[in-house]
Amino acid sequence: MIRIGITGAAGRMGRTLVEAVDEHPGATLGAAFERPGSSLVGVDIGELCGRGPAGICLQGSISDALDAFDVLIDFSSPEATAAAAELAARAGKALVIGTTGLDAAQQAAVERASATVPVCQAANFSTGVNLSLVLLETAARVLGDTVDIEILEAHHRHKRDAPSGTALAMGDVVAQALGRDLGSVAVYGREGQTGPRDRQTIGFATVRGGDIVGDHTVMFAADGERLEISHKASSRMAFARGAVRAAVWLAGRAPGRYGMREVLGL
Ligand code: NAD
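Remember, it's a predicted structure, so these values are computed and weren't measured experimentally.

1. Topic: the overall build of the protein chain
- Scanning the protein chain from terminus to terminus reveals nine helices and 12 strands.
- Whereas a compact globule of 266 residues would reach a radius of gyration of roughly 18 Å, the protein chain reaches 19 Å, a difference of no more than 12%.
- Seen through its principal axes, the protein chain has C-alpha atoms that stretch 60 × 40 × 35 Å.
- Nonlocal contacts in the protein chain, meaning residues at least 24 apart in sequence, comprise 69% of its contacts between residues at least 6 apart.
- Across the protein chain, 25 positive and 30 negative side-chain charges occur, with their mean positions spaced 2 Å apart.

Shown next as structure tokens:
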């Protein structure tokens, strides 16, 4: 049994992860962490999730419970992720990172941790999205410079970063397949007199509203036909199951950076 620690355990993803750990035959919940000073520290995580007492209370400090888990799953905030990565590396704990919107310094903390412990980081842990990345790579290679590529994404009103980490990961796969640098060719929204479209660009459009869990479409638009590859998540369990699967897969691996491609054997 792999013992899982969850950071951001009281959040939308954290609560879903509690359920996903519970249903996985090879995993058990070892510890649950929340923001230090949160009024939820000390509350039983099972009670909080409406699942009855779990016998595990939310804690404000990961370093106080290092003996209670083997793998740390982090869906919290970029600042918390960078701190968790440093702690996990020092304590020799494998790390699964789902938090998105990390800046360069926070991402560097994750890279440093991966020199010491195994780290699986993905902008999206769902099986369907990771399969779509493989399909996108093929589509980009076949269609090449004959199409205009646009990426559309929609999420719930609480999401803090835009475009989504998944949309950026999709853009990156497509750009790499075409030998382009996403940083140079990405166009984030359009307004006013934009002029004709440059075929080398990759456009992003973001929608925020209601309780949309996560929709992504990559459009390959040519003259006379259009290919669209879409994924729609209807429940956070799609991400949570993937993250728990990654945690169980990661336990005992050599230090390094892994992604869902390796976990799913794609
Ligand atoms: P949320 O705001 O509902 O939950 C985040 C939780 O983290 C909150 O409860 C917050 O109190 C807690 N937190 C903040 N600082 C902390 C700290 N220092 N220590 C411990 N806990 C801390 O957000 P959410 O919708 O659950 O999303 C969380 C992150 O996961 C976001 O970055 C989101 O984009 C990302 N996400 C990734 C995937 C994926 O598959 N990779 C899927 C969904 C969401």
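On we go.
2. What about the sheet that holds strand β7 (residues 148-155)?
- Taken in spatial order, the five strands make up an open sheet running β8-β9-β7-β10-β11, and their pairing is mixed. Single-partner strands in this sheet number two, and they are β8 (186-188) and β11 (226-233). With direction set aside, neighbouring strand axes in the sheet form an average angle of 15 degrees.
- Note that β8 and strand β9 (residues 202-208) share three bridges and pair parallel. The residue of β9 that forms the bridge with Val 187 is Gly 203.
- Packing against the sheet, helix α5 (residues 127-143) makes contact with β10 (214-221) and β11, and its axis sits at approximately 170 degrees to β11.

3. What about the pairing of strand β1 (residues 2-7)?
- Most of β1 sits inside the fold, with five of its six residues counted as buried.
- In this structure, β1 lies alongside strand β2 (residues 27-33), joined through six bridges in parallel fashion. Counted as the bridge partner of Arg 3 is Thr 28 from β2.
- Read as a crossover between parallel neighbours, the route from β1 over helix α1 (residues 12-23) to β2 is right-handed.
- Sheet analysis places β1 next to strand β4 (residues 71-74), joined by four bridges and oriented parallel. Bridge assignment links Thr 7 to a residue of β4, and that residue is Asp 74.

4. Overview of the layout of surface pockets
- In this model, the largest pocket occupies a volume close to 1300 Å³.
- What lines the largest pocket is a set of 44 residues, and nearest its centre among them are Phe 75, Ser 76, Ser 77, Pro 78 and Thr 99.
- Every element with two or more residues in the lining of the largest pocket is listed here: α1, α3 (78-91), α6 (165-177) and β10.
- Take the lining of the largest pocket: its biggest share by element is six residues, from α3.

5. As for the site of the ligand
- The environment of the ligand is formed by 21 residues, the closest being Arg 12, Met 13, Glu 34, Thr 100 and Phe 125.
- At 2.8 Å from an oxygen atom of the ligand is found a main-chain nitrogen or oxygen belonging to Met 13.
- In the model, a nitrogen atom of the ligand is placed 3.3 Å from a nitrogen or oxygen of the Arg 35 main chain.
- For the ligand, whose free accessible area comes to 860 Å², the fraction covered by protein is 80%.
- According to the grid-proximity analysis, the pocket containing the ligand is the largest pocket.
- Residue composition of the shell around the ligand, grouped by class: nine nonpolar, eight polar and four charged.

6. Remarks on α3
- Between its first and last C-alpha, α3 extends 20 Å over 14 residues, near the 20 Å set by a 1.5 Å rise per residue.
- Turning to α3, its buried residues are Pro 78, Thr 81, Ala 82, Ala 84, Ala 85, Leu 87, Ala 88 and Ala 89.
- The secondary structure elements touched by the buried residues of α3 are β4, β5 (94-97) and α4 (104-113).
- Immediately beyond the C-terminal end of α3, within one or two residues, lies Gly 92, with a positive phi of roughly 70 degrees.

7. Comments concerning the environment of Gly 214
- Along the chain, the position of Gly 214 falls in strand β10.
- For Gly 214, a relative accessible area of 2% gives the class buried.
- The residues touching Gly 214, leaving out its near neighbours within four places in the chain, are Ala 154, His 155, His 231, Lys 232 and Ala 233.

Rules behind the numbers
The residue count restarts for each chain, going from 1 along the sequence in the order it is written. Only residues with pLDDT of at least 70 are given local features in this predicted model, and only at 80 or more are side-chain atom pairs given and counted; all residues enter the totals for whole chains, interfaces and linings. Derived side-chain values reflect all non-hydrogen atoms in the structure, with water molecules and hydrogen atoms excluded from consideration. Segments assigned H or I by DSSP are reported as helices when at least four residues long, segments assigned E as strands when at least two residues long, and all are numbered from the N terminus. Only C-alpha atoms enter the radius of gyration, while the globule expectation follows 2.2 Å times N to the 0.38, with N the number of residues. In this description, contact between two residues means that some pair of their heavy atoms is separated by no more than 4.5 Å. Residues scored as positive are Lys and Arg, those scored as negative are Asp and Glu, and His as well as the terminal groups of each chain are ignored. Charged side chains are reduced to one point each, which is NZ for Lys, CZ for Arg, CG for Asp and CD for Glu. Strands qualify as paired when DSSP identifies two bridges or more between them. Axis lines are fitted through C-alpha atoms, for helices just across the contact stretch, and the angle between N-to-C directions can take any value from 0 to 180 degrees. Relative accessibility thresholds used throughout: buried, under 20% of the residue-type maximum; exposed, over 50%; partly exposed, between the two (1.4 Å probe, protein chains only). The definition of a right-handed crossover adopted here requires that, viewed with the strands pointing away, the path from the first strand over the helix to the second runs clockwise. Throughout, the protein atoms alone are placed on a 1 Å grid, and a set of points is a cavity if a 1.4 Å probe fits but cannot get out or a pocket if it is open with protein on both sides within 12 Å along at least five of seven lines; lining residues have an atom within 4 Å of a point. Grid points are joined across faces, edges and corners, and a volume is the space filled by probe spheres set on the points. Nearness here has a simple test: a residue counts as near a molecule or strand if at least one of its heavy atoms is within 4 Å of that partner. In protein, a polar contact requires one atom able to donate a hydrogen and another able to accept it; more generally it is a pair of N or O atoms within 3.5 Å, and residues adjacent in sequence count only if both atoms are side-chain atoms. Here the open area of atoms and residues is found with the Shrake-Rupley method and a 1.4 Å probe, where only the protein chains shown may cover a residue. Those molecules having more than half of their atoms within 2 Å of a cavity or pocket grid point set are described as sitting in that cavity or pocket. Residue classes follow a fixed rule: Ala, Val, Leu, Ile, Met, Phe, Trp, Tyr, Cys and Pro count as nonpolar, while Asp, Glu, Lys and Arg count as charged, and any other residue, Gly among them, counts as polar. Each residue after the first adds 1.5 Å to the expected span of a helix.

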